[in-house]
Amino acid sequence: MTSIDIDSHADIDSPIHRWDPRAKIASILILIFSVVMVESIRVALLGLVLSLAVLLASRLPLGEVARRVRWPVIFLLPIFFILPFTAGGERTVTFATFDLSLDGLLLGTLILMRGLAAVILAYPLFATSPFNITVQAMRGLKMPEVTAQIFLFTYRYLFLLREEMRSIEKSLASKSFAKKTDLRTARVIGTALGMLFVRSYERSERIYRAMVSRGYDGALPSTVKFEMRRGDWAKSFAVAGAAVILQLIDFAATQGMII
Amino acid sequence: MHISDGVLSPPVLAAGFAIAGFLLFITLRDVEAEEIPRISLITAAVFVASLVHFPVGPTSVHLVMNGLAGILLGKRAFGSVFVALTLQALLFQHGGITVIGVNAVNMGVPALLAWKIFEGRRAFPSPKREVYFGSLAAASAVIGTAMLLSLSLLAVGDEFKEIALLVLIAHLPIAAIEAGVVGLAAGFLVSVKQEMLVTAVCDGAKS
Amino acid sequence: MERGRSVALLGPNGAGKSTLLLHMNGILRGGGTVKILGRKVEEDNLPWVRSRVGMVFQDPDDQLFMPNLREDVAFGPLNLGRSGPELERDVSWALEAVGLEDLEGKSPHHLSFGQKKRAALATVLSMRPEVLVMDEPTSNLDPRSKRAVVSLIRGLCDSGTTIITATHDVNIVTLMADEILLLDKRVVGYGPAREVLDKREVLDDLGLEVPILVDLFHSLKGCCGHHHFHETPITKEEALEGLKKILG
Amino acid sequence: MERGRSVALLGPNGAGKSTLLLHMNGILRGGGTVKILGRKVEEDNLPWVRSRVGMVFQDPDDQLFMPNLREDVAFGPLNLGRSGPELERDVSWALEAVGLEDLEGKSPHHLSFGQKKRAALATVLSMRPEVLVMDEPTSNLDPRSKRAVVSLIRGLCDSGTTIITATHDVNIVTLMADEILLLDKRVVGYGPAREVLDKREVLDDLGLEVPILVDLFHSLKGCCGHHHFHETPITKEEALEGLKKILG
């Protein structure tokens, strides 16, 4: 199963890692939105290049990225292959007995490139700080307290509950249970999940007691402090600026001002 | 099933974030401190449950579980779905960052629907009512999600008509499986830990 | 290993005890080979292995998931294709063996921790395994429940079941195991319980406790040079016997 | 109860040990009254109580809810309003006390079970409680980790912290507690550890184990009528001393 630990590369030394997390999140988010909104294929290609540049600057392991883009590609490829048949439009190429829509093919390519760029950018966005720092930074960017706490606690207990689920599955396997497409399987999975939920619910009560006994009253104190330096501003302007320029070029391209 | 980055148009993305933001605000604004660990743990459990494979003939599908979130968390289910989707986007790249708003609406609104449907059980004295209403709620949540998903695609343009239809059809077996699993889970919960289902009722009554 | 023997795996946390146990049931598979009842554990014969090797995990909550105890105990035999009176017999026998026949209609979740531990054991016993593999069967139990589990293990062993137990509890290990395998990533020692527990340095090295009685009599030997004991006593009865002799 | 003493609560599963502990921290409140440091535990003074009574629960995963160890250890003191160098000092001291200062940046799921148990203790120590209440601090630990926890408890006790521990582990209780409170829904006995552990019938009634050494020397007395011991030995050293005397 895919690793769900996104903290494992948070201690690399790179310009992206050293960036103030609040500024990093805000700037890269702007770039991601800019990239997914472009309409021109060539500008989308430029966006893809930009995202690769950010990725390279982050010094994150590239093999990991290849693994991460797999899922979105599996989702996007069918669209890429279906659109040429369904999009219609005036420009078509006849291939064997099918009329392939050139517009559909171009739209598919555009979608695929935008999607890839966004996924590639998401990786340096979140993998360059430990998850709790990211959430603290989001609080700095006005994410409400309650949502931030749910993020932190959900993330913390995901790992534990996944282990519990795996133990339950091991126990099922050791009792010679094999999943089939039938009602008994639904029943066994249903009650096994029910058990997981009961345990989670009871654990949440114990956690709350432990929190209260250490003085919790709804607010989560934090020792994390952020500080913007000159370099942080420079990086932020560069990345957000790139996002704006991308949109300007895209506007020009779609208006036919440049080819 | 969620949409990936790069497919939807800016107005659809913006609408997604606007609706999701509004719903987050009204469903989470009066959260008490003691609810926070509960919402978090149930969210984590929903996340883990959605990783479970269920065999369908030679292949297998993932469970969606937004219906179960609705049953267990009542109106808090929307926030739960939002957090779970964001974590899925970060950890597994299922969906993406720009579509978190749209995906949260597509899965979170049906979760709220599931909660309301499940509440309907109280008018029926049958001892198996949790099973039936749990199944109904779960199936409705999956089909609701599939419909909203198709609508989001159609909002991009007509060229997505066939894909939207395909998405809808592909969700039918998932809805059936989810109905079975969630119904039986709800039946299990009412016999083992009734207050888990009652709590959702109380939260609903408050609002 | 002989049939009907009881072997304990001793080792510190992280020594690979649980991993080894999982290999015995084919849940984990890796580089080497594991042989059970003379056959290699392989993909092909997993159903065969799992029908013969019963596995009791440490946390009973991981193993009890049906709405009531009887269904939980019937789960394994059902998977093995048993039904009718044969199923009934196995289920009832397992429930009686652990002394929970009165609670069969209860939801396992509502049992006490000690009852859950025994219930988890029953869900495996009902499959009538030839080899019973247990991870920390006595951990977290109060002394009364612990004694119940130990005597159950002895009974199973006497009726021919091979038993493999991973445990920390050196003071109880002598009551339930004939042989001990010392583990710390690799096998560090193997032999009759008496001999292994007498090797103070080895146990110390592994960060394991020396059983209280062994410890006492070692020290006694060390300081007074007494050689009244042929062997270091490992049970209370042996210790008592020895002391009586000395004191006349 | 005196300050700087260590009291153990002994009782079978379900005797109300954990419930009593929860009352001491004001998490549960019921009919009776609980007094801590001379004051009643009431709604009004809960913050006061919680700043003085530190509570360590049995399952460390329930207490390590923050993303990394340092933040978890800082959680309590931060809620008490501490900050700056004072906070730093308390957090570092607590981490050092349990020997986890090197792991402060780790998240809980990267810690071993033994480390988690100690980490949970650190999260409470950092609040510098005057009373430390612990539920099964040694359960599920391997012997090395168990010894580490016991010596930590002794150290805290010597430096003036009052310690209340719920436990099953009669063989270790003598190492960590001066006094024992026997519990079975209500208080069944209370007194110095030595006296309480010597009351064989009471312990048997509760389904508790008699410590191995006490058991041995009781039997010795019973069968040989020896009266060489003024008191039944409860530690290895006492037993050794006694035996030496007899053997000359």
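Residues numbered from 1 in each chain as written. Chains lettered and ligands numbered in written order. Predicted model: local features only at pLDDT ≥ 70, side-chain atom pairs only at ≥ 80, totals over all residues. Heavy atoms only, no water.

If you check an unreviewed UniProt entry, chain B appears there as Cobalt transporter CbiM from Candidatus Methanocrinis natronophilus. UniProt lists a comment for chain B under the heading Subcellular location (unreviewed entry), and it reads "Cell membrane". (UniProt positions renumbered as here; feature names shortened; annotations may be inferred.)

### Regarding a nonpolar patch on the surface
Residue and element names in this part refer to chain B. Taken together, I143, M147, L165, L168, I169 and L172 make up a surface patch of nonpolar side chains, about 530 Å² in accessible area. Within the residue set of the nonpolar patch, elements represented by two or more residues are α6 (129-156) and α7 (161-192). Tallying contributions element by element places α7 first for the nonpolar patch, with four residues. Along the chain, L168 falls in helix α7. According to the relative accessible area criterion, L168 is partly exposed, its value standing at 30%. (Patch = residues over 30% accessible without salt bridge, like charges linked within 9 Å, V, L, I, M, F, W, Y side chains within 5 Å. Areas by Shrake-Rupley, 256 points an atom, 1.4 Å probe, with all protein chains shown as cover. Salt bridge = Lys/Arg side-chain N within 4 Å of Asp/Glu carboxyl O. Helix = DSSP H or I, 4+ residues; strand = E, 2+ residues; numbered from the N terminus. Buried < 20%, exposed > 50% of the residue type's maximum accessible area, 1.4 Å probe, protein only.)

### A word on the pattern of salt bridges
Overall, the coordinates contain 47 salt bridges over all chains when judged by the stated rule. In this structure, A:R203 engages D:D62 in a salt bridge whose closest nitrogen and oxygen atoms are separated by 2.7 Å. With A:R203 in helix α9 (residues 183-213) and D:D62 in the loop between β4 (53-56) and α3 (69-79), the pair connects residues from two separate chains. For the pair A:R203 and D:D62, a shared accessibility class is recorded, and that class is buried. One network of salt bridges, with partners in common, ties together A:E164, A:R199, A:R203, A:R206, C:D59, C:D62, D:D59 and D:D62.

### Some words on the sheet that holds strand β5 (residues 131-135) of chain C
Strand pairing in a sheet is mediated by backbone hydrogen bonds. Such pairs are either parallel or antiparallel. Residues and elements named next belong to chain C. Read across the sheet, six strands follow the order β4-β5-β6-β1-β7-β8 without closing on themselves; strand pairing throughout is mixed. Either end of the sheet is taken by a strand with one partner, and the two such strands are β4 (53-56) and β8 (186-192). Neighbouring strand axes in the sheet, compared pairwise and without regard to direction, differ in orientation by 15° on average. For strand β1 (residues 6-10) and strand β6 (residues 162-167), the ladder comprises five bridges, and the chain directions are parallel. Across the sheet, residue V7 finds its bridge partner in β6, namely I164. (Pairing = 2+ DSSP bridges. Axes fitted to C-alpha atoms, helices over the stretch in contact; angles between N-to-C directions.)

### With respect to the interface of chain A and chain B
When the parts come together, some accessible area is lost, and that loss is often what is quoted as the size of the interface. Facing the 72 residues of chain A at the interface are 67 residues of chain B. Carbon and sulfur atoms supply 82% of the area buried between chain A and chain B, which totals about 6,000 Å² over both sides. At the junction of chain A and chain B, the tally comes to one salt bridge. Across the contact surface, chain A and chain B share six residue pairs in polar contact (both at pLDDT 80 or more). Secondary structure elements with two or more residues in the side of chain A that touches chain B: α2 (21-37), α5 (70-86), α6 (102-127), α8 (145-174) and α9 of chain A. A per-element tally of the side of chain A that touches chain B places α9(A) first, with 21 residues. (Contact = heavy atoms within 4.5 Å. Buried area = accessible area lost by both parts, 1.4 Å probe. Polar contact = N/O pair within 3.5 Å; in protein donor to acceptor, adjacent residues only side chain to side chain.)

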